[in-house]
Amino acid sequence: MAILDEVKLLKGIPLEDTVQDDLLNLIIRDSEERILAFVNLHSTTSLGALPESVSYIIRDVAVKRYNKLNSEGATSDSEEGRSFSWESNYLSGYEEILANLVVNKRPRGIARFI
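First things first, this report covers the structure right here in the doc. (Residues numbered from 1 in each chain as written. Predicted model: local features only at pLDDT ≥ 70, side-chain atom pairs only at ≥ 80, totals over all residues. Heavy atoms only, no water.)

## Describing the environment of aspartate 5
Next, step 1: Examined against the element boundaries, aspartate 5 turns out to sit in helix H1 (residues 3–11).
Next, step 2: Sequence spacing of aspartate 5 and leucine 15 is 10 residues, and the spatial spacing of their C-alpha atoms is 6.3 Å. (Helix = DSSP H or I, 4+ residues; strand = E, 2+ residues; numbered from the N terminus.)

Here it is, written out as structure tokens:
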């Protein structure tokens, strides 16, 4: 199943409803780019694409982003008696997993005290 279909399923959007497909595809692409940028930031060799094994992270980050639409920049929101709080980073909870994708981790350097 494609990530678009999985996101729609999780959000209760019928698969045949294509009204938000452009928006959802943008959010999915943005999520992939965020994850790839995170991995490549800590790597000496840049990955061109993410492996299939992290597609669930792309999906989860896309759903987080979709849920936060119209509340960008806020850490919490309240609507009709329901309160929402968001993590400050879309990748929260996935950093350790993504760190395993890093190729040839950048050396931290050497400090010498004389």
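## With respect to the pattern of salt bridges
Next, step 1: Under the criterion given, the structure shown has four salt bridges.
Next, step 2: Across the salt bridge formed by glutamate 6 and arginine 59, the nearest N and O atoms sit 3.6 Å from each other. Here arginine 59 lies in helix H3 (residues 55–67) and glutamate 6 lies in helix H1, a separation of 53 residues in the sequence.
Next, step 3: Linking aspartate 60 and arginine 59 is a salt bridge whose minimum nitrogen-to-oxygen distance equals 3.4 Å. (Salt bridge = Lys/Arg side-chain N within 4 Å of Asp/Glu carboxyl O.)

## Regarding the nonpolar core
Next, step 1: Counting 25 residues, the largest nonpolar core has Val7, Ile28, Ile35, Leu50, Ile57, Val61 and Leu98 as its most contacted members.
Next, step 2: Taken together, the elements giving at least two residues each to this core come down to H1, helix H2 (21–41) and H3.
Next, step 3: If you tally residues by element for this core, the top one is H2, at seven residues. (Core = buried A, V, L, I, M, F, W, Y, C linked by side-chain atoms within 4.5 Å. Buried < 20%, exposed > 50% of the residue type's maximum accessible area, 1.4 Å probe, protein only.)

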